[in-house]
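For reference, the chains in residue letters:
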Amino acid sequence: MDTLVYGPASQNRTVVERVLRERGHALDLAAPSHDAPPTEDAGRFAYDACVVVDSEPPVLRRAEECTQRYDDLQLVLIGVERDPESIHRAFETGASDVILDGFDADRLSTRLGLVEQYVESNIHRPPEASPSRHQAVVAEIGRRALAGTELEVLMAQAVRAVSKALDLSMCKVLEHDPAQQCLRMKAGIGWAAGAVGSATVTDGVESQAGYTLQSDAPVVVNDINEERRFTPPELLTAHGATSGVSVVIASSPSPYGILGAHSTDRRGFDEEDVYFLQSVSNVLAGAVERARTERALRESEARATSIIETTVDGIITIDTGGIIQSFNAAAERIFGYTDEEVMGKNVKVLMPQPYREEHDGYMRSYHDTGRRRIIGIGREVTGRRKDGSTFPMDLAVSEVHTGSVHAFTGIVRDISERRRLEKEILDISEQERRRIGQDLHDGLGQMLTGIGLLSQNLSRQLGNEDSELVDEAKEITDLIKEADQYARDLARGLTPVDLEANGLSKALQRLSDNAERLFGVECTLDEAGTGLVHNATAATHMYRIAQEAVSNAVRHGSAERIKIAFASGAEQIRLRIQDDGVGFSPENIDGPGMGVHIMNYRARIIGGTLEISSMPAGGTTVTCTLPGGASPGGGDGESSAQEEPPGPPVGTTGGDGTGPSNIGGGPPSGGGGCPVAH
């Protein structure tokens, strides 16, 4: 097609030119002048279509001159304001289509396709193949509705087509406004200036339109002056309407309004006329439903977008291949990336090693087996920021199936501050324990030691005097010694780890000895490596983990043998407690008790990992691993880019990868670092 694009240089005109070229149009370009129509501005006259990208009145007048000079020219006006009067004025120029401001390229392309079809049909279709006028109008309005024509434009096109097809001077679409109890003109032809968009009639039986709405059936009027069913409204009498027909534009849950056509001359309307008007009304009713659905969808999307973009939690969506599809503003703040930087990339860009390399395998495993390890469960994982630093975060993942769309949505929350507060609470607790232990040792312990010495002297003196009270004195002395020892044991329990580098090793040996002495179980300590932990905070937390594990083995596992293994080296420090107790089933691991949760907190706070594996009647193994090169107990739970955590996050399975997950249902042998889906 030979097409003229007419209008000043603008973004809209650039889009129009691109779409037309993509559709294979041969283009000429012209800018508006003050005294010549567009085709004369362009310098030639043989065009199939003229696309005007400007809705200013002077340009519209010159466009109207084009349609008056060249009958076969298809005129398309683009960028028209959405109000009914502007649309009405645009069609008065003789435009074959009007595209409102705010159009998108895809819908523009579809609408221009209708112009191409019209030109092609006029060239190649023989006259005998043409449908009847009524059929052609209904088909054309239907095509325009399917092409996504805006409802306001479609109605303006419909009233003009109906008026021409029925050879009537007036046609209108009235929208029902129940709140105002009226019907307002949304589109029309043949009415006084200003009527379109503002003229109203009552929605009661006092008017033809109201009577049609109430009766919900077509109403034919041969002579309005002889009408007894309703009172002729001023809108019709003021315009000299004599005959007319009106039908309801159906909709749900209530009718949209009325389509009516009128003549100033007396004339009759047969069944074919009524059927034609009803057919057009049905097309408009479908367009109304589509417009309402689209509007509801836009509003729903706007609400959802508003929620997603204003929430404090990061929301990330990926497809089944792990490719990021959406990345909200909170996720940008958390990870330091903009959405443009991560859109279309694999989600593993947000993970530290080794989870980054393992992620694709987890995705394949889920697709192959359907086994869920985090979806619908939630857990704590480790994320990686744009600058390479890592941080702890809570992750909740949901799976979405909507038609052909299969995706995963992850909600993430940076919990670095929570980890810092947890560490602070535990540090305060340990400081208080240490203070009480020191008071017991230096205060009560010293007092009992002094009392014991006095009691020994008194007992010796009573023995020298052969007193009858010597036995009671000796018993008192023994009780004081026991109380002194008990107080020192309490003090040692409250401050178990000496500040020296080998303090943890000595404390674990005492824990083993005390377990045998107090609980009557076989408890051994095996050491490998130097056994040195230079960070007192880390050493204390590891001791508390061992203490809780031993206590659980005796109290809940009914264990008879407990083995504490402590190994340290340049790469990592590992503490493992194994027992032969009754064990527990996987669903009971994350129970209501605080012991396991506190062990997890302690491990995380010192930058380590905790693994718990157990099977009924198979005993339990608790393993705490601390990176040897890290700085345990750093305070905020974060790692630098050079110090990424070497092991899985808290809550994975045992070292062999066969045991059930502990906290949060993580995958075997680590892999909990996926920020969206496993």
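Residues numbered from 1 in each chain as written. Predicted model: local features only at pLDDT ≥ 70, side-chain atom pairs only at ≥ 80, totals over all residues. Heavy atoms only, no water.

1. Concerning the overall build of the protein chain
Now for step 1: A count of helical and extended segments in the protein chain gives 18 helices and 21 strands.
Now for step 2: Among the 678 residues that make up the protein chain, the fraction classed as buried is 49%.
Now for step 3: In the protein chain, once contacts between residues fewer than 6 apart in sequence are set aside, the share between residues at least 24 apart is 62%.
Now for step 4: Surface accessibility of the protein chain: about 32200 Å² in total, with carbon and sulfur atoms responsible for 50%. (Helix = DSSP H or I, 4+ residues; strand = E, 2+ residues; numbered from the N terminus. Buried < 20%, exposed > 50% of the residue type's maximum accessible area, 1.4 Å probe, protein only. Contact = heavy atoms within 4.5 Å. Areas by Shrake-Rupley, 256 points an atom, 1.4 Å probe, with all protein chains shown as cover.)

2. Considerations on the packing of aromatic side chains
Now for step 1: Under the definition given, this model contains three aromatic pairs.
Now for step 2: For the pair Tyr 211 and Phe 230, a centre-to-centre distance of 5.9 Å together with 40 degrees between the ring planes defines the contact as tilted. Linking Tyr 211 in helix α8 (residues 208-215) with Phe 230 in the loop between β9 (219-221) and α9 (234-238), this pair joins segments that are 19 residues apart in sequence.
Now for step 3: Relative accessible area serves as the criterion here: at 23%, Tyr 211 is assigned to the partly exposed category.
Now for step 4: Here Phe 335 and Phe 391 contribute two aromatic rings whose centre-to-centre distance is 5.6 Å and whose plane-to-plane angle is 65 degrees, an arrangement assigned as edge-to-face. One end of the pair, Phe 335, is in helix α11 (residues 329-335); the other, Phe 391, is in strand β15 (residues 390-402), and 56 residues separate them in sequence. We note that Phe 335, like Phe 391, is buried.
Now for step 5: Chaining the aromatic ring pairs together yields one cluster made of Phe 327, Phe 335 and Phe 391. (Phe/Tyr/Trp six-rings, centres within 6.5 Å; stacked < 30°, edge-to-face > 60°.)

3. Observations concerning the environment of Ala 30
Now for step 1: With respect to the helices and strands, the residue Ala 30 is situated in strand β2 (residues 26-30).
Now for step 2: On the basis of relative accessibility, which here comes to 5%, the residue Ala 30 falls in the buried class.
Now for step 3: C-alpha separation for the pair Ala 30 and Gly 7, spaced 23 residues apart in sequence, amounts to 6.6 Å.

4. Things to note about the pairing of strand β4 (residues 74-80)
Now for step 1: Extensive coverage of β4 is indicated by the burial of seven of its seven residues.
Now for step 2: By the bridge criterion, four bridges tie strand β3 (residues 49-52) to β4 in an arrangement that is parallel. Residue pairing across strands places Cys 50 opposite Leu 75, the latter belonging to β4.
Now for step 3: A crossover connection joins β3 to the parallel β4 through helix α3 (residues 57-69); in handedness this β-α-β unit is right-handed.
Now for step 4: Where β4 and strand β5 (residues 97-100) come together, four bridges link them in parallel fashion. Residue Ile 78 lies in a different strand from β5, and its bridge partner there is Ile 99.
Now for step 5: Regarding topology, helix α4 (residues 84-92) serves as the crossover connection from β4 to the parallel β5, and that connection is right-handed. (Pairing = 2+ DSSP bridges. Right-handed = clockwise from strand over helix to strand, strands pointing away.)

5. Digging into helix α7 (residues 151-166)
Now for step 1: Its 16 residues place the ends of α7 22 Å apart at the C-alpha level, agreeing with the 22 Å of an ideal helix rising 1.5 Å per residue.
Now for step 2: α7 sits mainly inside the fold: 13 of its 16 residues count as buried.
Now for step 3: Once α7 ends, the next one or two residues include Asp 167, with phi positive near 55 degrees. (Expected span 1.5 Å × (residues − 1).)

6. Re the pattern of salt bridges
Now for step 1: The full count for this structure, using the stated rule, is 27 salt bridges.
Now for step 2: When the shortest N-O distance is used, the salt bridge between Arg 82 and Glu 152 registers 3.4 Å. Of this pair, Arg 82 sits in the loop between β4 and α4 while Glu 152 sits in helix α7, and the two are 70 residues apart along the sequence.
Now for step 3: A salt bridge links Glu 175 to Lys 186; its shortest N-O distance comes to 3.8 Å. With Glu 175 in strand β6 (residues 170-177) and Lys 186 in strand β7 (residues 182-189), this residue pair connects regions lying eleven residues apart in the sequence.
Now for step 4: For Glu 175, a relative accessible area of 28% corresponds to the partly exposed category. (Salt bridge = Lys/Arg side-chain N within 4 Å of Asp/Glu carboxyl O.)

7. Re the sheet that holds β5
Now for step 1: Here we have five strands laid out as an open sheet, ordered β2-β1-β3-β4-β5, and parallel in their pairing. Both edges of this open sheet fall to β2 and β5, since each of them pairs with a single strand only. When the angles between neighbouring strand axes are averaged without regard to direction, this sheet yields 20 degrees. (Axes fitted to C-alpha atoms, helices over the stretch in contact; angles between N-to-C directions.)

8. Notes on unusual backbone geometry
Now for step 1: A cis amide bond links Ser 252 with the next residue in sequence, Pro 253, at an omega value of 10 degrees.
Now for step 2: Phi at Asp 167 takes a positive value of approximately 55 degrees, unusual for a residue other than glycine.
Now for step 3: Relative to the helices and strands, Asp 167 resides in the loop between α7 and β6.
Now for step 4: Take Asp 167: its relative accessible area is 65%, and that puts it in the exposed class.

9. Focus on the confidence of the model for the protein chain
Now for step 1: On average, residues of the protein chain score 80 in pLDDT, and 81% of them are at 70 or above.
Now for step 2: Low pLDDT, under 50, characterises residues 123-129; the predicted model gives this stretch two contacts beyond four residues in sequence or across chains.
Now for step 3: For the stretch residues 630-678, pLDDT sits under 50, and the model shows 170 contacts to residues farther than four places along the chain or on other chains. (pLDDT = per-residue confidence, 0-100.)

10. Quick look at the packing of helix α6 (residues 133-146) against α7
Now for step 1: Interhelical geometry of α6 versus α7 gives an angle of 175 degrees and a closest axis separation of 10 Å. The angle between α6 and α7 places the two elements in the roughly antiparallel class. Two secondary-structure elements touch here, α6 through Arg 133, His 134, Val 137, Ile 141, Arg 144 and Ala 145 and α7 through Leu 154, Gln 157, Ala 158, Ala 161, Lys 164, Ala 165 and Leu 166.
Now for step 2: Considering only residue class, the contact of α6 with α7 consists of eight nonpolar, two polar and three charged. (Parallel < 35°, antiparallel > 145°, perpendicular 65-115°, else oblique. Nonpolar A, V, L, I, M, F, W, Y, C, P; charged D, E, K, R; others polar.)

11. Digging into the sheet that holds strand β10 (residues 243-249)
Now for step 1: Read from one edge to the other, the open sheet built from six strands follows the order β8-β7-β6-β11-β10-β9, with strand pairing classed as antiparallel. The sheet terminates laterally at β8 (200-202) and β9, the two strands that pair on one side only. Each adjacent strand pair in this sheet contributes to an overall mean axis angle of 25 degrees, direction not counted.
Now for step 2: The pairing of β6 with β7 spans seven bridges and is antiparallel.

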